[in-house]
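Each chain is listed here by its residues.
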Amino acid sequence: MNNFLFENKTKVYFGKGGVKEYLGCLLEHYGDTVMLAYGGGSIKHNGIYDEIVGILNAAGKRIVEFPGIMSNPTYAKVQEGAKLARENHVDLILAVGGGSVSDCCKVVSAQAKVDEDLWELENTKHTRPTEFIPLGTIVTVFGTGSEMNNGAVITHEEKKIKGALWGAQADFAFLDPTYTLSVPMKQVISGAFDTLSHAMETYFGKPDENNLSDDINEAVMRSVIRNIRVLLTDKDNYEARSELAWASAMAENGILKIGKVTDFQCHMIEHQLGAYTNCNHGAGLAVIHPVLYRHLLPANTARFARFAQNVWGIDPAGKSELKLAQAGVEALAAFIKEIGMPTTFAELGIPADTDLKAVADSTVLTGGCCKKLSHDEIYEILKECK
Ligand code: NZQ
Ligand code: ZN
């Protein structure tokens, strides 16, 4: 195993009723002004907004609302939030929503503390922010695992880049599976597939050796697959929603990545597809993964064979390593179909005239991928996704 440093500072409050029980006490540790940040309004229809506002009022907090954070949050929205936070001397940002709200708030928290443009600071000067407004997260849809790390994915519309920025890591995160009961099923599945993708992108990273991280990872992947299937026939099943909620955090809280250099090539491709089309993140990944893996398979047949056997339960008897590896990738493709996710860009609703060459050419090539892809090969992969 590679050398590693591991720390995760986010305190997790997991389970039903956690916000009601603990948020009030937690607020005592922060100043008077709380920024309540949320998305397009789902929290106003399912009672979560009223519950949180009631707790903030009871704690005597001044509330500064930051609504309208869109899916695939933009850098312009980050700047709006940072200005609001600065002008109101916000003491705590409470991000209530999914990955989009959480990511936007992580960067708002950092940008509010520096005058310099954060995109330039991080991408040109390669400097990470060190000062933040404290952040807390209340997750209402699972999948990204954003609640337990300090990475954010932000779309810079003028630059046509959907890329990573480093921001605050939440002091605390509430993970209440019952908050997800109002999420449209399509989004629940898309989020869960995102979790599976994070696990796979870590599993196929380097080094390719037997280690504890990969053993845990296989259990996470099997759990996600099993619990997505449970929800397809029993959509309100609390146990399955709980398992998916914790798997979401587990796949992105660093534990599976211990001692590994992660792959994340599929994410890099999907992010640029998102920059050009604003497509749904999990759904974009679902289309790209099998096509990408058919290209990567020859470079790491043994690992794909292990994936087939240990994750998809495919019997190796009578199969060559290559056949077993291929069966694993085809099991993934069949699963994507089974759970009703798109299998082509046409099904995903990507306009036929999307400039896939530009998407390919602007995709970051990752060091952890088992094959060093070229932008031309990524273009071929994108064309095969059509
Ligand atoms: O905006 P509202 O009205 O709240 O509706 C949202 C949104 O339309 C809805 N929703 C959320 N909670 C709900 C609900 N609807 C009903 N009831 C509820 N309880 O769900 C929709 C999707 O929300 P969004 O936050 O956009 O989804 P997700 O959590 O999948 O986040 C996607 C973003 O996270 C980034 C993605 O690229 C994308 O921008 N990612 C962040 C990562 C990270 N920071 O670690 C890693 C990921 O790989 C990913 O890239
Ligand atoms: Zn993702």
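Residues numbered from 1 in each chain as written. Chains lettered and ligands numbered in written order. Predicted model: local features only at pLDDT ≥ 70, side-chain atom pairs only at ≥ 80, totals over all residues. Heavy atoms only, no water.

Under an unreviewed UniProt entry, the name given to the chain is Iron-containing alcohol dehydrogenase, and the organism recorded is Faecalibacterium taiwanense.

## Looking at the coordination of the zinc ion (ligand 2)
Operational definition: For Na, K and Ca the donor cutoff is 3.2 Å, while for all other metals N, O and S atoms must lie within 2.8 Å; water is not among the atoms, so some sites may look incomplete. Where helices and strands are cited, they refer to DSSP runs of H or I of at least four residues and of E of at least two residues respectively, numbered from the N terminus. Exposure categories follow from relative accessible area, calculated using a 1.4 Å probe and restricted to protein chains: below 20% of the type maximum is buried, above 50% is exposed, and the middle band is partly exposed.
Note on the zinc ion (ligand 2): its protein donors are D194 (OD), H198 (NE2), H267 (NE2) and H281 (NE2). The metal-donor distances range over 2.0 to 2.2 Å. Within one chain, the residues donating to the zinc ion (ligand 2) are spaced in sequence as D-x3-H-x68-H-x13-H. Taken together, the residues D194 in helix α7 (residues 185–203) and H267 in helix α10 (residues 265–277) connect sequence positions 73 residues apart. The buried category is assigned to H267, whose relative accessible area is 4%.

## Some details on the UniProt feature "domain: Fe-containing alcohol dehydrogenase-like C-terminal" (unreviewed entry) in the chain
Counted only if it meets this: UniProt positions are given in the numbering used here, feature names are shortened, and annotations may be inferred rather than shown by experiment.
Feature annotation in UniProt places "domain: Fe-containing alcohol dehydrogenase-like C-terminal" (unreviewed entry) on residues 189–384, given in this structure's numbering. Segment residues 189–384 splits into 66% helix and 0% strand. End C-alpha atoms: 24 Å apart.

## Some remarks on a nonpolar patch on the surface
For clarity, the threshold we go by: Two distance rules govern patches: like charges are joined within 9 Å, and nonpolar side chains (Val, Leu, Ile, Met, Phe, Trp, Tyr) within 5 Å, applied only to residues with over 30% relative accessible area and no salt bridge. Each accessible area is a Shrake-Rupley result for a 1.4 Å probe, and residues are judged covered by the shown protein chains and nothing else. Any Lys or Arg side-chain nitrogen found within 4 Å of a carboxyl oxygen on Asp or Glu counts as a salt bridge.
Together, M1, F4, F6 and L212 line one region of the surface with nonpolar side chains, adding up to about 420 Å² of accessible area. Taking the relative accessible area as the measure of exposure, L212 reaches 56% and is therefore exposed.

## A short note on the site of ligand 1
Here is the rule we go by: We define proximity as follows: a residue is near a molecule or strand when any one of its heavy atoms falls within 4 Å of that partner. Whenever a nitrogen or oxygen atom comes within 3.5 Å of another N or O atom, the pair is scored as a polar contact, on the condition that within protein one atom can donate a hydrogen and the other can accept it, and that pairs from neighbouring residues in sequence are kept only if both atoms are in side chains. For this scheme, ten residues count as nonpolar: Ala, Val, Leu, Ile, Met, Phe, Trp, Tyr, Cys and Pro. Four count as charged, namely Asp, Glu, Lys and Arg, and the remainder, Gly too, count as polar. Domain borders in the structure are assigned automatically or taken from a domain database.
Taken together, 32 residues surround ligand 1, and among them G40, S42, S71, S100 and H198 come closest. Measuring from an oxygen atom of ligand 1, one finds a backbone N or O atom of G41 at 3.1 Å. At 2.9 Å, a backbone N or O of G151 approaches a nitrogen atom of ligand 1. For ligand 1, the accessible surface in isolation is 960 Å², of which the surrounding protein chains cover 87%. Looking at the shell around ligand 1, the elements with two or more residues in it are α5 (99–111), β6 (151–156), α7 and α10. It is α5 that contributes the most residues to the shell around ligand 1, 4 residues altogether. By residue class, the composition of the shell around ligand 1 is 6 nonpolar, 21 polar and 5 charged. Mapped onto the domain boundaries, the shell around ligand 1 takes at least three residues apiece from domain 1 (11–180) and domain 2 (187–384).

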